[in-house]
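A structural walkthrough
What follows is each chain in one-letter form.
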Amino acid sequence: MASLTVRQLDEKLKKLLRLRAARHGRSMEDEVRVILRQAAEEAGREALDLINPPNPPAQPAPRQARADAVVQKRVVLIIGGGIAAYKSLDLIRRLQERGARMRCILTAAGQQFVTPLAVGALTGQRTFTDLFDPQSEFDVGHIRLARDTDLLVVAPATADLLAKMAGGHADDLATAVLLATDRPILIAPAMNPRMWAAKATTRNLAQLSADGVRIVGPNAGEMAEHGEAGLGRMAEPLEIVAAVEGILRRGAALAGKRVIVTSGPTHEPIDPVRYIANRSSGKQGHAIAAAAAAAGADVVLVSGPVALPDPRGVAVVKVETAQQMAEAVATALPADAAIFAAAVADWRSDSTSASKIKKQPGHTPTLTLTENPDILSAVAHRTSGRPRLVIGFAAETDNVIANARAKRIKKGCDWIVANDVSAESGIMGGDMNTVHVVSASGVESWPPQGKDEVARTLIDRVAAALDGRKE
Ligand SMILES: Cc1cc2nc3c(=O)[nH]c(=O)nc-3n(C[C@H](O)[C@H](O)[C@H](O)COP(=O)(O)O)c2cc1C
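Residues numbered from 1 in each chain as written. Predicted model: local features only at pLDDT ≥ 70, side-chain atom pairs only at ≥ 80, totals over all residues.

With that settled, consider the pairing of strand β3 (residues 151-157). Counting buried positions along β3 gives seven out of seven residues, so the element sits mostly inside the fold. Of the two faces of β3, the one carrying Leu 151, Val 153, Ala 155 and Ala 157 and the one carrying Leu 152, Val 154 and Pro 156 are both buried. Here strand β1 (residues 74-79) runs beside β3; their pairing, made up of four bridges, is parallel. Residue Val 76 lies in a different strand from β3, and its bridge partner there is Leu 152. In the sheet, β3 pairs with strand β4 (residues 185-189) via four bridges, with the strands oriented parallel. Bridging across to β4, Leu 152 finds its partner in Ile 185. (Buried ≥ 20, exposed ≤ 12 C-beta atoms within 10 Å, placed from the backbone. Helix = DSSP H or I, 4+ residues; strand = E, 2+ residues; numbered from the N terminus. Pairing = 2+ DSSP bridges.)

Below you can see the structure in the form of structure tokens.
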């Protein structure tokens, strides 16, 4: 099959694609994948429709609904020290037109490009500039600026601000607020193409993306600096508005809902230094917990031992063994949805030695195993207090879909998210995933995509199912 890259598309198509991607808060590449998947599904559905007449199709959110996502929402805009700061004045107006309640922070360098007076005149609010300003601290304070908001937007996000954010610095008002917040953050990078291509910037962006920060742009084109062109131009105000609408709309999808997620492996001790484990990294489960929190859910993440930071805005219960995980899940109930992404050990050693088992020449100890509690099955079969949606994961190496179908029925859960974890798939521990979602109504195979994207799509489906909507 011929390969296609976004770069090969003509400029007009690229622009349309960029706007669409920004609206959905996705990268352009992910947007292309979604379009292709929808087209493939459509082609498949048309074939099926010949056999079974379809239900009315689910309608995409109308434009008005997208715009309504911003009404009365509190947005803190941080303006960094780049030439694109002048566009942020337009961004303020565009967001206010849609009903956003704006507060702005200007960095010291940002004030070289736009004045606190101009920003304050547009917002009708004082502009915040100084971490050590007693008036601000008595008035709202940097912690309240960080908390009393629905979204933080950094535009322009300079190379310097990206580096500080990635490193967790907090030596001025902008970075202190960004570090202190548990709200979604959207950045619109803007810089010279060579700064954008610098290895340090690439590293910092990868870190920020892993931390759950959303990114819009930059675009390719002429820079404000005379004679400069390339990738690094800040996204246009309307593209940033579209990304804001996407985040805020998604941010309310699970508001008021409680979601339990399990993640990571379990460790089943043999003695104080040895244990039985598996290769689960927890990346998929943690991404799901983060996506559920970003969608406004009250999330409890029960995690086995992983080398991952706690996702933002999530209550994390750390456990080691399957038995501890089962107890933590029972304590965390009730919930609207429970998503069991952890790779729970099926067995544990039936005895655990209190002291290290000594190696003795000629003697190999025998390990007798006993079955661990089946957390998914126990929750799915609850007669009272069962979450409305119980989702299990199946890690399979053979007959992935057939095994997942059988597992869904045996466990009594609503959906099984099945993935092929054979060594060649690279899924265990990797950043990509290819999943098949098995439900009573059939199997949906999603294209290969990042675990974050799988998480966001799954959470969109969970929100639709809890809402009684057909997705
Ligand atoms: C004229 C001029 C234009 C600049 N434009 C940018 C820019 O577009 N992007 C960027 O990352 N830095 C730019 N810089 C450098 C930043 O202003 C500088 O790194 C500053 O420390 C950023 O501070 P801040 O991130 O706290 O706002 C520019 C500097 C000057 C003098």
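Pairing in this open sheet of eight strands is mixed, and the strands run β12-β11-β8-β13-β16-β17-β19-β20 from one edge to the other. Both outer strands of the open sheet, β12 (315-318) and β20 (442-445), are each paired with one neighbouring strand and no more. Each neighbouring strand pair of the sheet contributes to a mean axis angle of 15 degrees, computed without reference to strand direction. In the sheet, strand β13 (residues 337-340) pairs with strand β16 (residues 389-396) via four bridges, with the strands oriented parallel. When the bridges of β16 are listed, Ala 337 appears paired with Leu 389. In the packing of helix α13 (residues 283-294) onto the sheet, contacts are made with β8 (258-263), β11 (298-303) and β13, and the angle to β8 comes to roughly 165 degrees. Against the sheet, helix α17 (residues 451-467) contacts β13, β16, β17 (415-420) and β19 (435-439), and its axis sits at roughly 150 degrees relative to β16. (Axes fitted to C-alpha atoms, helices over the stretch in contact; angles between N-to-C directions. Contact = placed C-beta atoms within 7 Å.)

This part is about the sheet that holds strand β2 (residues 101-106). The strand order β2-β1-β3-β4-β5 describes an open sheet built from five strands, whose pairing is parallel. The sheet is open, and its two edges are formed by β2 and β5 (214-215), each paired on a single side. Across two bridges, β4 lies against β5 in parallel orientation. Within β5, the residue paired with Ile 187 across the bridge is Ile 215. Against the sheet, helix α4 (residues 85-97) makes contact with β1, β2 and β3, and its axis sits at roughly 175 degrees relative to β1, the strand it touches most.

Taken together, 16 residues surround the ligand, and among them Gly 81, Gly 82, Thr 107, Ala 109 and Thr 158 come closest. It is helix α8 (residues 159-167) that provides the largest number of residues to the shell around the ligand, a total of three residues. (Near = placed C-beta within 6 Å.)

The next point concerns unusual backbone geometry. Omega for the bond connecting Ala 155 with Pro 156 falls within 30 degrees of zero, at -5 degrees, which places this linkage in the cis form. If you trace the backbone, Pro 156 turns up in strand β3. Cis rather than trans, the peptide bond between Gly 217 and Pro 218 has omega equal to 0 degrees. With respect to the helices and strands, Pro 218 occurs in the loop between β5 and β6 (219-222). Unusually for a residue other than glycine, Gln 72 sits at a positive phi of about 65 degrees. Mapped onto the elements, Gln 72 comes out in the loop between α3 (63-68) and β1. Note on Gln 72: 9 C-beta atoms within 10 Å, which makes it exposed.

The share of residues in the protein chain with pLDDT of 70 or more is 86%, and the mean pLDDT across the chain is 87. This model gives residues 48-63 a pLDDT under 50, and the stretch forms eight contacts once residues within four places in sequence are excluded. (pLDDT = per-residue confidence, 0-100.)

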